[in-house]
Amino acid sequence: EGHWGPWSTYSACSATCGSDVTRTRLRHCISGVCPTGNSSQSIACHMSDCPVTAVDGHWSTWSTSTCTVTCGTGLATSTRTCTNPAPSHGGQTCPGSSIRHSYCRISSSQCSVDGQWSTWSAYGACSDTCGTGQMSSHRSCTHPAPSGGGHNCVGNSLRTQSCTASQTSCVVTSHNNECIHYIEKYITIDNTEKRNRHIAKSTTYGGGQELFEELKISFSGVMDGNWSSWTTWSTCSVSCDLGTITRTRSCSQPAPSIGGRACIGDTTETHECTNGPCPEWSHWFNGDCSVSCGTGTRERMRACSTGNNHDCAGTSYETLPCDGPQ
């Protein structure tokens, strides 16, 4: 039967710091099989705690960015985090910015805007001062206007409806296949009733097309004034946002004479109009400073609300001085 040899001296501790550190001694079995027992023994080493190692932070990958506009030129923003790994035990944080901006452009094929009608204007004055006439209301394809190959508005920009004017009396007769529209007024001069009549307009018999002619006035005594037709509407007073359109008429069909009464009503009619909102800049998007210390430069960008930076006054890009992070 074998027997154990002597124990060796203990080895050095398995680590220089921390917990669960041990040292070990050994013995060997001599001449055969040794009785029960272990060939090694370990005892704990009472070591001090290990010093903590600082871990510097590193950036994650940049996130996927989305464009600020659905067509034209805009700005894209992406982010990253200092978590790969995060700084610990006094390690340094990640240098640089967690946000970056860049230009993005959506192809023009995706930029078409279909036109939409503005609201109808109020109806204007009646076209006739005697009997039945027409009054009109208008709208414009500007809310918004079509752009980028978008469709124009469908429908009419002008609508009319019948109106009845109040005048002393009206007589309609026919002459040479034309329907002659007369305006008759009864007035009193020197206690004697007089009747004045003039041709207001003539319409081709049965055709419905108005033929505006120079008035041929035949009268005796006082002549009251009558309005001319309204002029066409002016263009909008502004190129964007809210403005006005105007039309005018004059008391000249005929003008009042020999003490006749002036026309009743306004010579000018005004309505609101719009060509859509004015273009405006977004806020500035700042890039990173070009240096990590000292003085460098920083780029910044902004985008026009229309998607086309040429529509806004000013520049979309600037370079400014900056101080790098210490």
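As shown above, the structure is provided for reference.
Right, let's walk through the structure included here. (Residues numbered from 1 in each chain as written. Predicted model: local features only at pLDDT ≥ 70, side-chain atom pairs only at ≥ 80, totals over all residues. Heavy atoms only, no water.)

Further remarks concern the overall build of the chain. Helix and strand counts for the chain stand at zero helices and 19 strands. A buried classification covers 28% of the 326 residues belonging to the chain. The contacts of the chain with a sequence gap of at least 6 include a subset with a gap of at least 24, amounting to 58%. (Helix = DSSP H or I, 4+ residues; strand = E, 2+ residues; numbered from the N terminus. Buried < 20%, exposed > 50% of the residue type's maximum accessible area, 1.4 Å probe, protein only. Contact = heavy atoms within 4.5 Å.)

The three strands lie next to each other as β17-β18-β19, forming an open sheet whose pairing is antiparallel. The open sheet has two free edges, formed respectively by β17 (285-289) and β19 (317-323), since each of these has just one partner strand. Across the sheet, the mean angle from the axis of one strand to that of its neighbour is 30°, orientation sign disregarded. Pairing of β17 with strand β18 (residues 295-301), which is carried by three bridges, proceeds in the antiparallel orientation. In the strand pairing of β18, Asn-286 is matched with Arg-300. (Pairing = 2+ DSSP bridges. Axes fitted to C-alpha atoms, helices over the stretch in contact; angles between N-to-C directions.)

This paragraph deals with the state of the cysteines. Scanning the entire structure with this criterion turns up 11 disulfides. Here Cys-82 engages in a disulfide with Cys-94; their sulfurs sit 2.0 Å apart. Judged by the torsion about the S-S bond (85°), the Cys-82/Cys-94 disulfide is right-handed. Taken together, the residues Cys-82 in the loop between β6 (72-79) and β7 (99-106) and Cys-94 in the loop between β6 and β7 connect sequence positions 12 residues apart. One exposure class covers both Cys-82 and Cys-94, and it is buried. Cys-293 forms no disulfide, and the closest cysteine sulfur to it belongs to Cys-289, at a distance of 9.8 Å. (Disulfide = S-S within 2.5 Å.)

Shape is all these values report; function is a separate question.
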